[in-house]
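Below are the chains, spelled out letter by letter.
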Amino acid sequence: MIIADEITSLHLQTYRELVNGLLGCADFWDGLVQAKAGLNRFPRDAELLEMRGDLKTAFLARHKGIKEVLGNEKDIVASTRTGKIYQKQYPWMDQSLYIRTPDLLHHVNAGLAGNGICQVEPVIFGSSSRLPKLPTKEKEDVGPLGLFAARDIKLDEKIMVDHCVTGISDVSPTRLKHCEACHGALVAPYMHPSRIIRPTCCKTAAFCSIACHDTALAGYHKLMCKKSFDWLFESQGLVGKEGCGTRWRPILFLRVVAIVLAEARERAKKGELAIHPLQHPLIARMAANYSPADKVQPDVSHDWQYFENVVAPTRILMQLGINVFTDAHWTPEVIQTIFWRIENNANMGKTNLTGQQIVMVNLNPNYLFFNHSCEPNVSWHGAVPSGDVSIEWLKGMNGEILSPGCSAVWCTAAGDIKKGEELKISYIGNPLGSKGDGEGGEGEGEGEADEGRHTKRAWLEKWFDRGCGCRICEKENMETDRLEAVGAGREKALEIEV
């Protein structure tokens, strides 16, 4: 009887902590759902009743405000049912888990050495003319990184075709319409049925080539084989104007974590020391979008959902054999840090090669080092949007034809580039603003009408406090400062008159 009472008390405490946490994350909708579940069990609990009232008041206020500025029902639902959090480094975590070391930089450049066109180097953001300080010790942080030309590059020359197996979409691989590894289309006329490679280990995967088959079965597929993750694809989650549901985050998390755990298993077999997930080269190369350390409250908040950020990754890790309640390498802080890195480095695209429009989200390991400029010298494109494009769209670095619909990213010089010049793309489509941008850094704004420079500059606030440091942003900053100075002068004059 005593044990039963203690369990009941713990159950109530769990509901209180959960609902209070959701309230703190401004996830009012999920908070109301969990408060309802808790009150079904403990209908007279004063704390749950009070928090339910606070959640309802906050949710209705948000809904009213959003409804005044958004007209689309999907946008309203997505915006009102999403929590908001700030990206901050967890101060109680080992701070060495946040840095990118010289050893990682060497590892990345070794992979780029084959083409001899570009390399990754430390950078300083903004308009500063200072050269970045190169680290002298192995455990030092190399700081922000960027891609630079390793030689002179001519207009329209291919700089990089970045392949990856970390590309996903809102269609489950078990439907066998796409290569499980590279996401290439497996339907006619893009792939003859006789060329599709099926593994002998299971019936829920298919590949476009022997290379993709061997890569998958040597790595991530071994952990995922015969485990069903179709529950991730039962819903798109919340779908806003981008047309991409929130479920892409845990789906991509699944692929990244499967790669990391597969390599960890191989290291263990060889008797090698285990490495922390955040120090794995795939995850360590990615940087989250943190505000400066001296800024207590960042200017920009980030979307957060209870299912996508807590329930799904926990369930994924448990299915892959990780006990998140006992494994110190997979704490909630580590999981959220991986989510932030993925969100800041993924790119989106749309394709309809299999008879329906799907949204792809890719994590290309070398492409992610491109920084933004409103005066980009590199243009890029991802997956084939439809079967109407030229075959040139699919040509690789050596003229080979890649699988239509694959997760590669093609990067081309937008002008003549000198050796040593930083290579930059646009994260926001046409940086000057246009009607219906076709190219964008994270799929943001594709197809939006009448998006002027003012809107594009507002998007940049996600990454930069005062623009990207290009001539366009600096000119706008000077004009803004001038207008503010004029306004301040007028206010002072009025004070003197009074």
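As shown above, the structure is provided for reference.
Residues numbered from 1 in each chain as written. Predicted model: local features only at pLDDT ≥ 70, side-chain atom pairs only at ≥ 80, totals over all residues. Heavy atoms only, no water.

J.: Can you lay out the overall build of the protein for me, pointing to particular residues and giving the numbers?
T.: Scanning the protein from N- to C-terminus turns up 13 helices and 12 strands. Since a compact globule built from 498 residues should have a radius of gyration of about 23 Å, the 25 Å found for the protein is in line with a globular shape. Every one of the 498 residues in the protein was classed for burial, and the buried ones make up 46%. About 25,400 Å² of surface is accessible on the protein, with carbon and sulfur atoms providing 54% of the total. Averaged over its 57 positive side-chain charges, the protein has a centre that lies 4 Å from the centre of its 63 negative ones. (Helix = DSSP H or I, 4+ residues; strand = E, 2+ residues; numbered from the N terminus. Rg over C-alpha atoms; globule rule 2.2 N^0.38 Å. Buried < 20%, exposed > 50% of the residue type's maximum accessible area, 1.4 Å probe, protein only. Areas by Shrake-Rupley, 256 points an atom, 1.4 Å probe, with all protein chains shown as cover. Lys, Arg positive; Asp, Glu negative; His and termini not counted. Charge placed at Lys NZ, Arg CZ, Asp CG, Glu CD.)

J.: Before we move on, could you go through the environment of Ala149 and cite the residues and values that matter?
T.: Along the polypeptide, Ala149 turns up in strand E3 (residues 145-149). Owing to a relative accessible area of 4%, Ala149 belongs among the buried residues under this scheme. Along the backbone, Ala149 and Gly420 are 271 residues apart, and their C-alpha atoms lie at a distance of 5.1 Å. Leaving out residues up to four positions away in the same chain, Ala149 has contacts with Ile117, Ile417, Lys418, Lys419, Gly420, Glu421 and Leu423. (Contact = heavy atoms within 4.5 Å.)

J.: Requested: an account of the environment of Lys424, with residues and values cited.
T.: Tracing the backbone shows Lys424 in strand E12 (residues 422-425). C-alpha separation for the pair Lys424 and Val187, spaced 237 residues apart in sequence, amounts to 35 Å.

J.: Give me the sheet that holds E3: which residues, what numbers.
T.: Ordered in space as E2-E3-E12-E9, the 4 strands form an open sheet in which the pairing is mixed. Of all strands in the sheet, those with a lone pairing partner are strand E2 (118-122) and strand E9 (371-372), marking the two edges. Note that E3 and E12 share 2 bridges and pair antiparallel. Along E12, the bridge assignment pairs Leu147 with Leu423. Against the sheet, helix H5 (residues 102-112) contacts E2 and E3, and its axis sits at roughly 165° relative to E2. (Pairing = 2+ DSSP bridges. Axes fitted to C-alpha atoms, helices over the stretch in contact; angles between N-to-C directions.)

J.: With reference to specific residues and values, describe the pairing of E2.
T.: Going residue by residue along E2, you find Cys118, Val120 and Pro122 tucked away on one face and Gln119 and Glu121 left uncovered on the opposite face. Direction of pairing for E2 relative to E3: antiparallel, over a ladder of 5 bridges. Bridge pairing links Glu121 to Gly146 in E3.

J.: With reference to specific residues and values, describe the packing of helix H10 (residues 306-319) against helix H11 (residues 332-345).
T.: Contact geometry of H10 with H11 gives a least axis separation of 11 Å together with a crossing angle of 110°. Our classification of the angle between H10 and H11 gives roughly perpendicular. Contact with H10, carried on its side by Glu308, Asn309, Pro313 and Leu317, involves Ile335, Gln336, Phe339 and Glu343 of H11 and no other residues of that element. (Parallel < 35°, antiparallel > 145°, perpendicular 65-115°, else oblique.)

J.: An account of the side chain of Arg247 is requested, with residue identities and associated values reported.
T.: With respect to the helices and strands, Arg247 occurs in the loop between helix H7 (221-224) and helix H8 (248-269). Within the structure, Arg247 has its side chain in polar contact with the side chain of Glu308 (distance 3.3 Å). Beyond its immediate chain neighbours, meaning those up to four positions away, Arg247 contacts Trp231, Leu232, Ser235, Gln236, Gly237, Phe307 and Glu308. (Polar contact = N/O pair within 3.5 Å; in protein donor to acceptor, adjacent residues only side chain to side chain.)

J.: So what's going on with the nonpolar core? Which residues, and what values?
T.: In this structure, Ile159 and Leu423 are the most contacted members of the largest nonpolar core, which totals 110 residues. With 12 residues, H8 is the largest single contributor of residues to this core. If near-sequence neighbours (up to four positions away) are discounted, Leu423 is found in contact with Cys118, Leu147, Phe148, Ala149, Ile153, Ile159, Phe370, Asn371, Asn377, Val378 and Ile417. With 13 residues, the next largest nonpolar core counts Leu12, Val19, Leu32 and Leu55 among its residues. (Core = buried A, V, L, I, M, F, W, Y, C linked by side-chain atoms within 4.5 Å.)

Such coordinate-based values are descriptive only and should not be taken to indicate function.
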